[in-house]
Amino acid sequence: MNLLITGGAGFIGTNLIHHLIDDPKVVKLVNLDCLTYAGRLENLETISHHPKYVFERVDLRDQVATLHAIGRHGITHVIHLAAESHVDRSISRPGDFVTTNIVGTYNLIEACRIFWGGDFAGKKFHHVSTDEVYGSLGATGLFTETAPYAPNSPYSASKASSDFLVRSYYHTYGLPTVITNCSNNYGPFQFPEKLIPVVIQSVLARKTVPVYGDGLNVRDWLYVRDHAEALGTVLQRGKIGETYNIGAHNEWTNIDIVQLICDTIDEFSPQSGGHSRQLITFVKDRPGHDRRYAIDATKIQRDLGWAPAHKFQQGIRETIRWYLDHQDWVRSVLKK
Ligand SMILES: NC(=O)c1ccc[n+]([C@@H]2O[C@H](COP(=O)([O-])OP(=O)(O)OC[C@H]3O[C@@H](n4cnc5c(N)ncnc54)[C@H](O)[C@@H]3O)[C@@H](O)[C@H]2O)c1
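Residues numbered from 1 in each chain as written. Predicted model: local features only at pLDDT ≥ 70, side-chain atom pairs only at ≥ 80, totals over all residues. Heavy atoms only, no water.

J.: Looking at this structure, I do not really get the site of the ligand. What am I missing?
T.: For the ligand, the set of nearby residues contains 29 residues, the closest of which are Asp33, Leu81, Ser85, Tyr155 and Lys159. Gly10 places a polar main-chain atom, nitrogen or oxygen, 3.0 Å from an oxygen atom of the ligand. For the ligand, an oxygen atom lies 2.9 Å from a polar atom in the backbone of Thr36. Protein coverage of the free-state accessible area of the ligand, which is 850 Å², stands at 96%. Looking at the shell around the ligand, the elements that each hand over two or more residues are helix H1 (11-20), strand S5 (124-130), helix H5 (154-173) and strand S7 (184-186). With 3 residues, S5 is the single largest residue contributor to the shell around the ligand. Partitioned by chemical class, the residues of the shell around the ligand number 14 nonpolar, 11 polar and 4 charged. (Near = heavy atom within 4 Å. Polar contact = N/O pair within 3.5 Å; in protein donor to acceptor, adjacent residues only side chain to side chain. Areas by Shrake-Rupley, 256 points an atom, 1.4 Å probe, with all protein chains shown as cover. Helix = DSSP H or I, 4+ residues; strand = E, 2+ residues; numbered from the N terminus. Nonpolar A, V, L, I, M, F, W, Y, C, P; charged D, E, K, R; others polar.)

Now the structure itself:
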């Protein structure tokens, strides 16, 4: 495989490149990223001189540059992660989500269609998406791959649009596509704007820990290294034209996670001024805040044999430990 990973300098991309770089089936691994605030090449410092690894600073919104990158490296396989990924930012600046997530995906898949020229043998376009496209669940039930799409934020709407585009390229042109929809990820290298690293950083700085609404929104959490394993599995064995949900059957209310992080930090490094739970403050709810997400990951387990390897209690402890040990990284990304 001459594998192109887009968004490789971001959170999931970084973990995925570390996971795939030594895969013997990968001959060349090209990381295409335009390095927004969320992308950091330093995340990949340890592999930057690896003989298989190439970095291309390209903005997917630039169609010509995208096509050239695909052609220059003779790309046979794509895992498309690059996106604007933060729901709050999509509420304040929806236009960026339309141009990167929808137009950028169009530019990339169209570049593959042009470059592959109808010879799709041995090729694969793997589009990475989210469970947020399915909208919000009530107190029970799980999202399966056949759940109807009902996105509620500009972020999830832009991801749903890109999923539909990818689907249409399979049905219209026969492009060899596969789509994965994953639940919330946590782990090392996540930009400190998402719930778990925000809470860790707030506790360490002894600042208030903001929790939206009543804190009872439910998310289904997956360790990012398990997601990387799942993406590697789908790349190798995922059936063309299929969609796979990825998740760990691990539902938590926001308030329970926040309390768990407070207590774990208190255990690892007792904070002066009392228990960290005292810092929790409920703030005005996010507009259109989905109440509950929960993924049914039976299909990928049954058909491809993937299952998450990390228990949540273990993954969250590793994550907190990673942030405690990488405060320089946090300062540096926040400065950027
Ligand atoms: N983080 C999650 O919990 C989660 C869950 C399910 C699905 N996803 C999906 O996984 C993918 C990666 O998520 P993440 O959390 O790693 O995101 P991230 O925000 O950490 O990283 C995104 C990367 O894309 C790059 N990028 C952004 N716009 C670009 C453009 N126009 N051209 C080229 N590169 C660009 C950024 O520089 C960054 O390196 C996204 O598609 C997201 O929708 C994320």
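We are not done yet, so read on.
J.: What should I look at first to understand the pattern of salt bridges in this one?
T.: Pairing is possible between side chains that carry opposite charge, provided their charged atoms lie close to one another. Counting across every chain of the model gives 14 salt bridges. The salt bridge partner of Glu42 is Arg40, with a shortest N-O separation of 3.0 Å. Overall, the relative accessible area of 10% leaves Arg40 in the buried class. (Salt bridge = Lys/Arg side-chain N within 4 Å of Asp/Glu carboxyl O. Buried < 20%, exposed > 50% of the residue type's maximum accessible area, 1.4 Å probe, protein only.)

J.: I tried to follow the sheet that holds strand S2 (residues 28-33) on my own but got confused; where do I start?
T.: Hydrogen bonds along the backbone pair up the strands of a sheet, which may run parallel or antiparallel. Ordered by their spatial adjacency, 7 strands build an open sheet running S3-S2-S1-S4-S5-S6-S10, and the pairing between neighbours is parallel. Of all strands in the sheet, those with a lone pairing partner are strand S3 (53-57) and strand S10 (243-246), marking the two edges. Recorded for the sheet is a direction-independent mean angle of 20 degrees between the axes of neighbouring strands. Against the sheet, H5 engages S5 and strand S6 (177-182), with an angle of about 155 degrees to S5. (Pairing = 2+ DSSP bridges. Axes fitted to C-alpha atoms, helices over the stretch in contact; angles between N-to-C directions. Contact = heavy atoms within 4.5 Å.)

J.: Before we go on, may I ask you to explain the nonpolar core in this structure?
T.: Nonpolar side chains in soluble globular proteins tend to be buried together. Ile5, Leu29, Ile79 and Ile300 are the most contacted members of the largest nonpolar core, which has 64 residues in total. At 7 residues, the largest contribution of residues to this core is made by helix H8 (residues 254-268). One finds Leu60, Ala69, Ile109 and Trp116 within the second-largest nonpolar core, a separate group that totals 21 residues. (Core = buried A, V, L, I, M, F, W, Y, C linked by side-chain atoms within 4.5 Å.)

J.: Any chance you could explain the side chain of His77 here in plain terms?
T.: Looking at the element boundaries, His77 is found in strand S4 (residues 77-80). Owing to a relative accessible area of 11%, His77 belongs among the buried residues under this scheme. A distance of 2.8 Å separates polar atoms of two side chains, one belonging to His77 and the other to Thr76. Sequence-distant contacts of His77, defined by excluding residues within four places in its chain, comprise Met1, Asn2, Leu3, Leu4, Trp116, Gly122, Lys123, Lys124 and Leu235.

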